[in-house]
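What follows is the residue order along each chain.
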Amino acid sequence: MKKIIGHMSIALLLFASNACTESDNYDAPSDTITGMVMDKNTGNSLQTEIGDNGIRLKLMEYSWSQTPTPYYFAGMQNGTFNNTRIFRGNYGIEIMGAFVPQPEIRYDVKGTLELKIEVEPFLNIEWIGEPIINKDSTISIQAYIERGTKNADYQQNISDVRLFVVAGAQHIGENNKDDRYSLYIDGGDANAMLEQTITLSTRGKLLPGRSYHIRVGARMDKEIDGRRRYNYNAPKIVTMP
């Protein structure tokens, strides 16, 4: 009886081992989806932030099912995106962010799929001149905020405007800022900044000899994919004397 049980245990172990080996027989994903989201108004790459609060791509792989599980990945701060771990196949791709939504488009992914996607941002934010270092160790900037689309469904009020500040970091925005120095403006005061040249100054005294990344972000009272996302201008670097 003990011999029979022993043989059965060995057989089960061999079966489990073979099953694991068979399930790992697939090649790792090695195809690529890469590209850039372009601002239709300026022709430049869309300024955003890194992570899910910026550009988010939704992939639906239709190669095996017409009701696939969505797969998501995020873009970079400068509007680019790159994923080198995609299985070859037919995909529906939808891109989400602080811009007028676009319908899903189907693509065949085989090797490298390179995309350039034009969007209408909710807001465009333009630098006016260069940042100024003040005698009180603050920085003042000027910017202009205007609507980036004429689509009536995306003409909500501006809910808040931010002057983001962070030291020694390439990524800056709602995802990475120093609240000791960043400026926050909400409600009616923020909405009054639409189509105006605005002047904003950092809070507190910035440290001498330090380099700070600064940029302006503004967002409307509108959710896309469950989040209210900021539109931005490009970051600038200011080194304090």
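Rules used throughout
- Residues numbered from 1 in each chain as written.
- Predicted model: local features only at pLDDT ≥ 70, side-chain atom pairs only at ≥ 80, totals over all residues.
- Heavy atoms only, no water.
- Helix = DSSP H or I, 4+ residues; strand = E, 2+ residues; numbered from the N terminus.
- Buried < 20%, exposed > 50% of the residue type's maximum accessible area, 1.4 Å probe, protein only.
- Contact = heavy atoms within 4.5 Å.
- Areas by Shrake-Rupley, 256 points an atom, 1.4 Å probe, with all protein chains shown as cover.
- 1 Å grid on protein atoms, 1.4 Å probe; cavity = no way out; pocket = protein on both sides within 12 Å on 5 of 7 lines; lining within 4 Å.
- Points joined across faces, edges and corners; volume = space filled by probe spheres on them.
- Nonpolar A, V, L, I, M, F, W, Y, C, P; charged D, E, K, R; others polar.
- Pairing = 2+ DSSP bridges.
- Axes fitted to C-alpha atoms, helices over the stretch in contact; angles between N-to-C directions.

**Student:** Tell me about the overall build of the chain, residues and numbers included.
**Tutor:** For the chain, the count of helices and strands is two helices and 15 strands. When burial is assessed residue by residue, the chain has 42% of its 241 residues classed as buried. In the chain, the proportion of contacts linking residues at least 24 apart, taken out of those at least 6 apart, comes to 68%. With an accessible surface of roughly 13,400 Å², the chain has 50% of that area assigned to carbon and sulfur atoms.

**Student:** For empty space enclosed by the protein, give the residues involved together with the corresponding values.
**Tutor:** Throughout the structure, instances matching the rule amount to one cavity of 30 Å³ or more. The space that makes up the largest cavity amounts to roughly 40 Å³. Lining the largest cavity, in full, are Leu46, Gln47, Thr48, Gly54, Ile55, Gly97, Ala98, Phe99, Tyr230 and Asn231. For the lining of the largest cavity, the residue count by class is five nonpolar, five polar and no charged.

**Student:** For the sheet that holds strand S9 (residues 139-147), give the residues involved together with the corresponding values.
**Tutor:** Spatially, S8-S9-S12 is the arrangement adopted by the three strands of the open sheet, whose pairing is antiparallel. Either end of the sheet is taken by a strand with one partner, and the two such strands are strand S8 (123-133) and strand S12 (197-201). With strand direction ignored, the average angle separating the axes of adjacent strands in the sheet is 25°. Two strands pair when backbone bridges link them, and S9 and S12 are joined in this way by five bridges, in the antiparallel orientation. Within S12, the residue paired with Ser140 across the bridge is Ser201.

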